[in-house]
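Residues per chain, in single letters:
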Amino acid sequence: MPGLLRGVARTAVVAGTATAVSNRVSRRQAGRWAAQQPEPEPAPASSPPPPAAAPVSDRSNMLDELKQLGDLKAQGVLTEAEFEEQKRRILG
């Protein structure tokens, strides 16, 4: 019986020591990685939508504005939703 208790106690000491060492290593590595992480770059600001213009009654002005919107969409300045919204504003 004393040999059994001695074996159990030795196993407990070894397991406890291994756990403590493992936790300390994990904390040290986490601290090092946190120190090495570059600061996150701010997200680029999205371009503001084009300003709302007065209602257009002349057809040639409407066509010119629609062409400009199409060019902005083709260049990637406007999203599909923004393009549709501005198109409705011009035509509506």
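Shown above is the structure to which this text applies.
Participant: Can you walk me through the overall build of the chain in this structure?
Facilitator: If you tally the helices and strands in the chain, you get three helices and zero strands. The secondary structure elements of the chain, listed N-terminal to C-terminal, are α-α-α. By the burial criterion, 9% of the 92 residues in the chain qualify as buried. Carbon together with sulfur atoms contributes 59% to the accessible area of the chain, which is approximately 7,900 Å² in total.

Participant: Looking at this model, I keep getting lost on helix 3 (residues 80–91). Mind explaining?
Facilitator: Residue pairs three or four apart in sequence face the same way in an α-helix, which turns once every 3.6 residues. With twelve residues, helix 3 extends 16 Å between its outermost C-alpha atoms, agreeing within 8% with the 16 Å of an ideal straight helix rising 1.5 Å per residue. Among the residues of helix 3, Phe83, Gln86 and Ile90 are the ones counted as buried. Angular distribution of buried residues about the axis of helix 3 spans 70 degrees; they occupy a single face of the element. Away from its buried face, by an angle of more than 90 degrees, helix 3 presents the exposed residues Ala81 and Arg88. Residues of helix 3 that are buried make contact with helix 2 (59–75).

Participant: Teacher, can you tell me more about the environment of Gly70 here?
Facilitator: By the element assignment, Gly70 lies in helix 2. Considered as a pair, Gly70 and Phe83 are 13 residues apart in the sequence and their alpha carbons are 7.7 Å apart.

Participant: Help me out: how do you make sense of the nonpolar core in this one?
Facilitator: One broad rule of soluble globular proteins: the nonpolar side chains tend to lie buried together. Of all hydrophobic cores here, the largest spans five residues; its members are Met62, Leu69, Leu78, Phe83 and Ile90. Among the elements of the structure, helix 2 and helix 3 are those that each provide at least two residues to this core.

Participant: So what exactly am I meant to see when it comes to the pattern of salt bridges here?
Facilitator: When the charged atoms of two side chains lie near each other, side chains of opposite charge can form a pair. Counted by the stated rule, this structure contains three salt bridges. Note that Glu65 is salt-bridged to Arg89, the shortest N-O span being 3.8 Å. Pair noted here: Glu65 is in helix 2 and Arg89 is in helix 3, with a separation of 24 residues, a long-range link. Residue classification places Glu65 among the buried positions, given a relative accessible area of 19%. Of the charged contacts, one joins Lys73 and Glu80 as a salt bridge, the two residues approaching to 2.8 Å between their closest N and O atoms. The class of Lys73 is partly exposed, set by a relative accessible area of 31%. Exposure remark for Glu80: the relative accessible area of 41% places this residue in the partly exposed category.

Cut-offs applied
Residues numbered from 1 in each chain as written. Predicted model: local features only at pLDDT ≥ 70, side-chain atom pairs only at ≥ 80, totals over all residues. Heavy atoms only, no water. Helix = DSSP H or I, 4+ residues; strand = E, 2+ residues; numbered from the N terminus. Buried < 20%, exposed > 50% of the residue type's maximum accessible area, 1.4 Å probe, protein only. Areas by Shrake-Rupley, 256 points an atom, 1.4 Å probe, with all protein chains shown as cover. Expected span 1.5 Å × (residues − 1). Arc of directions from axis to C-beta. Contact = heavy atoms within 4.5 Å. Core = buried A, V, L, I, M, F, W, Y, C linked by side-chain atoms within 4.5 Å. Salt bridge = Lys/Arg side-chain N within 4 Å of Asp/Glu carboxyl O.

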